[in-house]
Structure formats: structure tokens, C-alpha cells
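An overview of the molecular structure
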Amino acid sequence: MSLLWGRPMRIATAVGLLALAIGCVNQANAGPIVAVIGSNSNATITSYLNSNGFTATNFGNSIPGSLAGFDAVVLLRTPGNATVQNFVLGGGKLVTEWDASVWALNTAGLLNATDSGGGFVGTSTPVTFTPDGVADGLSTGLSNPYSNTGATEFFRDLTGIGAGVDILATRPGGFPVIIGGQSGNGSTVVIGYDWADIGDQNATIALSGQLLVNALNFDPNAVPEPATLTLFGVLMIGGACGWCRRKRPVAA
């Protein structure tokens, strides 16, 4: 009787642990809570994020007094302030557009690089993701290279790129246009072109929106998620116990 009762209980326990671990993984994969700040296409971008699994709030040109409860800030061609800087250094994520990189790099020093100016390069300029950019998921859902009419038209000059900063994408001539890395306990992705200059074109927002989603998922220190490790551990322990039972000598 005990043997007949014990095996179903062990199976039920294993299934329960598996379901719990999968639930934790799904929870860990939930989209971030995002503050969208700046004057260019913020309503359209906020709407795109909210329709693609994120919780985004449009703050227009006003930076809130506190960013507690947010996971990421999208800074659209506008400077940040001490609130944004402290948010990133404390563990938050920042994604910039166009000349928001001036504040992120030259003022806040969030990455070991410099914005040296910028201007018009050409409509539909191709952007090529580097091997680091591909490995970090920046090209997911996009062609490589990709171009996006007026949203890949004006570019910043990102120079002086030092240790700890990955070049994630370039434009013709090998000039860096997307860089990223750790900033204190947080991370920064500088997209140094006008990717938010999307107008009302559905095709344009689809490309820019996918790029933004990829940037928000960027992690310069990606490691297996704790829930994944827990699930792996449970399965390994279960497999080891089964092996031990099979190898246990039969009593004389």
C-alpha cells in the first residue's frame, strides 16, 4: 500500500514543483514598467509598448519627482536630471533617442563614451548590428542591416568609447550608433539616432517599436534566471534520486 501511495505522491510533488518553477519563469519574463519622457512621438511609443506586454506611462516633457516602481526610462531627445541619473545608477535601465545621448554620456557619465555632436546623414541610412548586438538581442525581429526612412536619418557621433561599453550597431563607415553597458547597478543603451521620428506610419513604428523592445530587454550581464536555475536543480535532483534508487543494491 505504501509503495502504491508513494509513487503518485512523488509524481504529484514533482509536477507541482515544475509548475511553480514555470510560473516563476513566466513572472520573471513579464515586461518592464517603463517611463517614457520627452517630446518626440511619446504617445505613439507609449501606446506601442502597452500593446506589446509592457506597462508604459507617458510623462511628456516632465520628469517625475520619483521613479520608484519603474524598471526603465525611455528618454526621447531631452536631457535627464539627477532623478534619472540616480535611478539608473541604483539599478534602473535607460534607453535614449537622438541627442538625449548628450546628457547620458557627457553630463551624467553613465557610459564610458562621449557624444561629439551629430547631424543629417541620409534618409534610410542602414544600421548594422554588430556580433555583440546580435548576441545581446538588439537585432531580434529586424533585418540586419535594417533601415527605417526618417527614423534612421540623423545620427550622433559617439566617440571615445572605452572599457565596459559594447558597440551594438554601426552605420556605413563603421561609425558606432548604438552602444550599451552597465551604469552603476543599472544599464544604459544609447541609441544615437532619431529612431523615434516615426510620424504616423505603421511600418515605421513597427521597426522602431521592435528596436525599443529589444533595447529594453538588453542586459549587459545576462545570467540564467533564478527560476530557471531552480527548475534545473529540481530536475537534476529528481534525476539523481531516480539513479540512486536504480543503483541501490537489493538486500540479501
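Residues numbered from 1 in each chain as written. Predicted model: local features only at pLDDT ≥ 70, side-chain atom pairs only at ≥ 80, totals over all residues. Heavy atoms only, no water.

As for the overall build of the chain
Secondary structure assignment for the chain yields seven helices and ten strands. When each of the 252 residues of the chain is scored for burial, the buried share is 42%. Taking the contacts inside the chain whose residues are at least 6 apart along the sequence as the reference set, 61% of them involve residues at least 24 apart. (Helix = DSSP H or I, 4+ residues; strand = E, 2+ residues; numbered from the N terminus. Buried < 20%, exposed > 50% of the residue type's maximum accessible area, 1.4 Å probe, protein only. Contact = heavy atoms within 4.5 Å.)

Structural notes on the packing of aromatic side chains
Per the stated rule, a full pass over the model turns up five aromatic pairs. Aromatic pair Phe120 and Phe154: ring centres 5.4 Å apart, planes at 70°, arrangement edge-to-face. Of this pair, Phe120 sits in strand E5 (residues 114-120) while Phe154 sits in strand E7 (residues 154-159), and the two are 34 residues apart along the sequence. Here Phe155 and Tyr193 contribute two aromatic rings whose centre-to-centre distance is 5.1 Å and whose plane-to-plane angle is 40°, an arrangement assigned as tilted. In this pair, Phe155 is assigned in strand E7 and Tyr193 in the loop between strand E10 (186-191) and helix H6 (202-216), connecting sequence segments 38 residues apart. The same class applies to Phe155 as to Tyr193, namely buried. Taken together, the ring pairs in this structure connect Trp98, Phe120 and Phe154 into an aromatic cluster. (Phe/Tyr/Trp six-rings, centres within 6.5 Å; stacked < 30°, edge-to-face > 60°.)

Considerations on the sheet that holds strand E4 (residues 93-97)
One open sheet accounts for eight strands, arranged E2-E1-E3-E4-E10-E9-E8-E6; its pairing is mixed. Each edge of the sheet is formed by a strand with only one pairing partner; in this case those strands are strand E2 (55-58) and strand E6 (128-129). Strand contacts of helix H3 (residues 82-89): strand E3 (72-76), E4, strand E9 (175-183) and E10, with the helix running at about 120° to E10, the strand carrying the most contacts. The strands touched by H6 within the sheet are strand E1 (33-38), E3, E4, E6, E9 and E10, with E4 carrying the most contacts at an inclination of about 150°. (Pairing = 2+ DSSP bridges. Axes fitted to C-alpha atoms, helices over the stretch in contact; angles between N-to-C directions.)

Notes on the pairing of E10
Among the six residues of E10, six are classified as buried, and the element is accordingly described as predominantly covered. Strand direction decides the pairing type here: E4 and E10, joined by five bridges, are parallel. From the neighbouring strand, Glu97 faces E10, where its bridge partner is Ile191. Relative to E10, E9 runs antiparallel, the two sharing six bridges.

Quick notes on the packing of helix H2 (residues 42-50) against H6
Where H2 meets H6, the closest approach of the two axes is 10 Å, and the angle between their N-to-C directions is 65°. By the angle between their directions, the pair H2 and H6 is classed as roughly perpendicular. For the element pair H2 and H6, the recorded crossing hand is right-handed. Of the residues in H6, those in contact with Thr44, Ile45, Tyr48 and Leu49 of H2 are Ile205, Ala206, Gly209, Gln210, Leu212, Val213 and Leu216. (Parallel < 35°, antiparallel > 145°, perpendicular 65-115°, else oblique. Left-handed = near helix turned anticlockwise from the far one by under 90°.)

Keep in mind these numbers describe shape, not what the thing actually does.
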